[in-house]
Amino acid sequence: MTLCKGIVLLFLGLFYKVSVAAENSTQVYFFELEIESSVYDESNLTKLSPLNFGDWTVSNITVTADCTVDEESNSTQKKCFCEKGNQWSSDICNTQKNETCTLNVTDDAVCLPINTVIINGLTIFKLYGYDYGQLYNQNNEKTDDYEKTKKNITDELIKYFSTLPWFDSLVITGFRKGSLIVEYTVKVLSSFNLTQLQYITSNLESTTILTKDIPLLLFFKGLVTINIANKQPVDIGTTATVTCTKQENLGAVTWSLTNTQNKTTVITNGTEARLSSYAFSDTVTLRSISASWKGLFTCEYTKGPIKLTASETLDIALLPDIQGSSDPQFPDCTNPKRIVPVEIQCAISNNSENYTISWDRTQLKDLTIISIESKGNKINHKAQAMIRCGDLNESLSTTCTFTNTRSQKNKSSSMTVNIPIIQNGSSFCATQDGWPNTKCNYTAVLDCDNSVGSMTRECRDCKWQETISYCVDTGLHKIQDQIEEIRKGLGFIKENANIFSQLQISTTSNTINIFPNINATVEILDSINNVSETQSHQWNDTIMPDFVSAISNILNNTNSWKQTSNDNATNLSIKYLQSVEKMMSNSNLSSSVNRSNVALKVCNSSDCNSFNVSVKTEQNVVVVAFRNLATNLPQTLNNESVESNGIILSVTEVNTTNNTNLMNFNDGQIRKPNHQMFCVYLDENKNEWSSVGCTWGGANNPTLCTCTHNSAFTIMMSKTAESLPYMEELTYVGLGISMVSLVLCILIEIMVWDTVVKSNIANFRHIALVNISICLLFAYCAFLASAKPKQIPSNWCMILTVVKQFCFLAVFFWMLCLSFVLLHQLIFVFEKLRKRVYLALSITVGYACPLLCVAVTVIQFGNGKEGEYYSKDTCWLVYQSTLKGSLFAFILPVGTVVVINMFALLVVITKIVQPTVSEAKARDEKDVAKSIIKTIVLLSPILGITWILGFFVFTLDLTQKPYAQIVNYAFTILNSLQGFFILLSNCFGEKKVREALLKRFRTKKSVNSKSEHSSKSTSLKK
């Protein structure tokens, strides 16, 4: 029947029937109704009631499409549109949503509900004889049982899924091996309650036709809707919001992005992404969007075997990062008649955007586009310009602009390329080691070979400066990009643990020991820690071998931690140390790892040893020891210079906060005498060393540190030795007094010699006294002459050292002679010592022995070589270690003499304490005590007994306060005034000398008086 004009309605009806599974089974049918337009009344359609056909019931009849027969086409076509809530099926009409579509009258105008639900199922059939081998033969061709088996399985599944309301179809899409894995798609033309589906899956899982290992997986599209709020395409650098809406609480959501390279990555919280969850929606908020977010966004919810998903594509209008350059960088126009061709290049990353590129020709009128070349992942846009040298331009420039017409606001990105020109008379740095001629006060740039980045070299004040490299190893650069994507919020760090093996491989290469690679490695470690903290992820023993290898490799050459020779590597080293400490704090470890420069030890309340540094702790800690790192860390403590080239220890607690650590740094670091050691930790708030909470073991245990907390520790030595205030002043004043005293002593001896020296014993004693005074005076003179070693020529320093050694030794050997005389007088009372014998022995011992000692010392220690025999810093003998060094050629003979003299003094005191029988009755204890004191006072200076303090000075370190200070001051005062004490005790202290002086002065006065009286008398007579 041909209608002159009619209405065609397409209805969607829901049919119910009683299924074998004892549940109401449904099936959706479409049917078409034609109504003559003259009798068409839309209100009558709403009165359609359910229709019953035996076991079948038709209900929920709704209009999905409305068509009108087109009279102009002789009723062969109809114009149709989808009713609200429906949209065209793609195989019927390719128009958008519910727009009008023209069809043949005989075509079905099928509009599907917008909220159609698609279920992709994966089910493993094991029982009832279903097997993959029944469907395919050995050549993977379908067997005769294929269609039969497929129909049987389809019928089995339909029994259950057809109980869903608005069930439309179930189609098997494929089979897999593994008993029999069936892939199928279920279409439901309306949303439904998830509880209904859970009921179906529960029934399926309880049957005997499915395996119990992985019985059922269902992937849904339709029950969850996704929406991108922003108008697309979105401008790069702006914000965007992706929201998934759900009808009920579906639990936690998993977001993923499938990018333009078809790589799917889970979305997490990051620098550019922030996840939010609400009762009926979940949102990804993107800030400062980068190109990484271009692709298909998917939200997924999981409830048992059911997975519900929704997807939407985010389109981003990209703008490129441009790298501009010219060749040559500095055109040579020293010949004004030249025309120099210059190639200008603007390089961008290769992507799918179709940019419009324009060049600014304001300064380069004849600029022409040469070519567009693809190289790797770069696209190079090249242009050429001719530089006319006669124009005398100092610099020219052009700007390349890339415009993206798809962008809404940020439509373009530009790069200006400056071209400095070397004119006739311009100053420049000449080509050198591959660097081109470069105009003065400009910087030349070269691309890196086999790495990423560039190198720069400045021509400052027309002199080449150091090359600064930004060349990063290709492997490290890839790791940086990978970490950067994770930092943005794309992926979990735990799923990218292969980063550590990649890092270990990259740091093993020969090119690792340059600053850009060291810096990149430290940045990677810092980024890993930041991402791990954001994602609350803890590392374990699995990655530690690669991690420790990587951080050890970059310590092979710490000189490369400076970008230039004048740079300071402190900040980079601190960042490296802090990154390792953060990694330890964010790890759960049970095993140790040792590498050449780094040792990781897990200590369980016991001693730990790493690189000869032991740690004794009360709690479980992780100890990481570093070699070669100390020299790059701060070398100051409380604004004072310190030095350390030893081991750095990082101690991290395991489930504890307060811990006392005993650390013994037997790492070969030698403490210089009198240098204070500091046990320090790295204060992260100030990025400097601090000694708070740490105690040094002192000079007796110089390698021991005790700290009451956990951190990065080391032991450092002061660059300057401990000093004693006013020590020099006391020395010079004492020596001045002593020198005057010694001169007086020699003069007094000359004046009273004939009066005092009446016996051999007196002769022996005064000969020794005079020689001691003379030698000590010369020794003091040599000492003062060498008081400023840096101002003395090296050869004079050596001569003064020889003089001081000889004179001081002569003093002590003459003291020894005096001691022998004293002992002989006390022990051999009745045997007199002959004067000639004494003089021969005294001269031999007093001068020959010191001369021999000096000669042997000079010959033994490099014939007086600097650093072996004497030190240029002190103009004195060298101390190397115990019993090593030329200083012991002085200490040992002096020590021997002092011991013998001490013995002589004890013999004298013994004689005083034990007097003869005749003297015992006449003396009381008070007299004995006075005699002993007098003996000690008189004999100590002349026998050098006060030098015994020198041995304590030598053995006591100035860091052993206050004992060392007391001994040093006592030694300085007593021995700098030794000449003065000799004058007091042996000149003024001897009665005969005093009487002789008084007699001499009285006689002289008397003679003067008589002479004066005589002259007066003569004048009177006249």
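Here is a short report on the structure shown in this document.

What counts and how
Residues numbered from 1 in each chain as written. Predicted model: local features only at pLDDT ≥ 70, side-chain atom pairs only at ≥ 80, totals over all residues. Heavy atoms only, no water. Helix = DSSP H or I, 4+ residues; strand = E, 2+ residues; numbered from the N terminus. Buried < 20%, exposed > 50% of the residue type's maximum accessible area, 1.4 Å probe, protein only. Contact = heavy atoms within 4.5 Å. Disulfide = S-S within 2.5 Å. Phe/Tyr/Trp six-rings, centres within 6.5 Å; stacked < 30°, edge-to-face > 60°. Pairing = 2+ DSSP bridges. 1 Å grid on protein atoms, 1.4 Å probe; cavity = no way out; pocket = protein on both sides within 12 Å on 5 of 7 lines; lining within 4 Å. Points joined across faces, edges and corners; volume = space filled by probe spheres on them. Nonpolar A, V, L, I, M, F, W, Y, C, P; charged D, E, K, R; others polar. Expected span 1.5 Å × (residues − 1). Arc of directions from axis to C-beta. Salt bridge = Lys/Arg side-chain N within 4 Å of Asp/Glu carboxyl O.

## Quick word on the overall build of the protein chain
A tally of regular secondary structure across the protein chain gives 20 helices and 54 strands. Counting only residues that meet the buried cut, the protein chain has 46% of its 1022 residues in that class. Taking the intrachain contacts of the protein chain between residues at least 6 apart in sequence as the baseline, contacts between residues at least 24 apart amount to 66%.

## Focus: the state of the cysteines
In this structure the tally under the stated criterion is 11 disulfides. Across a sulfur-sulfur distance of 1.8 Å, C448 and C471 are joined as a disulfide pair. Since a negative S-S torsion denotes a left-handed disulfide, the C448-C471 link at about -80° is left-handed. With C448 in the loop between β34 (442-447) and β35 (451-452) and C471 in the loop between β37 (463-469) and β38 (472-473), the pair connects residues that are 23 residues apart, well separated along the chain. Free of any disulfide, C781 has its nearest cysteine sulfur in C807, 8.9 Å distant. Relative accessible area serves as the criterion here: at 35%, C781 is assigned to the partly exposed category. As a non-bridged cysteine, C807 has C775 as the owner of its nearest cysteine sulfur, 6.0 Å distant. Residue C807 is classed as buried on the basis of its relative accessible area, which comes to 8%.

## Focus on the packing of aromatic side chains
Inspection of every chain in the model, using the stated rule, returns 19 aromatic pairs. Their ring planes at 70° and their centres at 6.2 Å tell us that F330 and Y442 sit as a pair that is edge-to-face. Taken together, the residues span a long stretch of sequence, with F330 in the loop between β23 (323-327) and β24 (332-333) and Y442 in strand β34 at a distance of 112 residues. On the basis of relative accessible area, F330 is assigned to the buried category, the value being 7%. With a relative accessible area of 32%, Y442 lands in the partly exposed category. An angle of 90° between the planes, with centres 6.2 Å apart, marks the rings of Y355 and F402 as edge-to-face. Placement of the pair is Y355 in the loop between β25 (339-349) and β26 (356-359) and F402 in strand β29 (residues 395-403), with a sequence separation of 47 residues. This pair shows no difference in class: Y355 is buried, exactly as F402 is.

## A closer look at the pairing of strand β27 (residues 368-375)
With 0 of 8 residues buried, β27 lies mostly on the surface of the structure. Where β27 lies against strand β28 (residues 378-388), 7 bridges are found, and the strand directions are antiparallel. Bridge pairing in β28 links I369 to A383. Here β27 hands over to β28 after 2 residues, with G376 in that stretch at a positive phi of 65°.

## Brief notes about empty space enclosed by the protein
Taken as a whole and judged by the stated rule, the model has 1 cavity of 30 Å³ or more. If you add up the space inside the largest cavity, you get close to 50 Å³. Lining of the largest cavity is provided by F192, L194, L223, K246, Q247, E248, L250 and L308. In the lining of the largest cavity, the residues fall into 5 nonpolar, 1 polar and 2 charged.

## A look at helix α3 (residues 145-161)
Side chains that are three or four residues apart share a direction in an α-helix, a result of its 3.6 residues per turn. With 17 residues, α3 extends 24 Å from end C-alpha to end C-alpha; this agrees with the ideal 24 Å at 1.5 Å per step. Listed as buried for α3 are Y146, T149, I153, T154, E156, L157, Y160 and F161. Viewed end-on, α3 has its buried residues packed into an arc of 160°, placing them on one side of the element. Those residues of α3 that are exposed and aimed more than 90 degrees away from the buried face are E147, K148 and K151.

## Points about the pattern of salt bridges
Inspection of the entire model under this criterion finds 16 salt bridges. A salt bridge links K307 to E300, with the nearest nitrogen and oxygen atoms 4.0 Å apart. Here K439 and E394 are joined by a salt bridge, their closest N and O atoms 2.4 Å apart. With K439 in strand β33 (residues 438-439) and E394 in the loop between β28 and β29, this pair connects stretches of sequence that are 45 residues apart. The class for K439 is buried, based on a relative accessible area of 7%. The exposure class of E394 is partly exposed, given its relative accessible area of 44%. One network of salt bridges, with partners in common, ties together K294, D315, E353 and R406.

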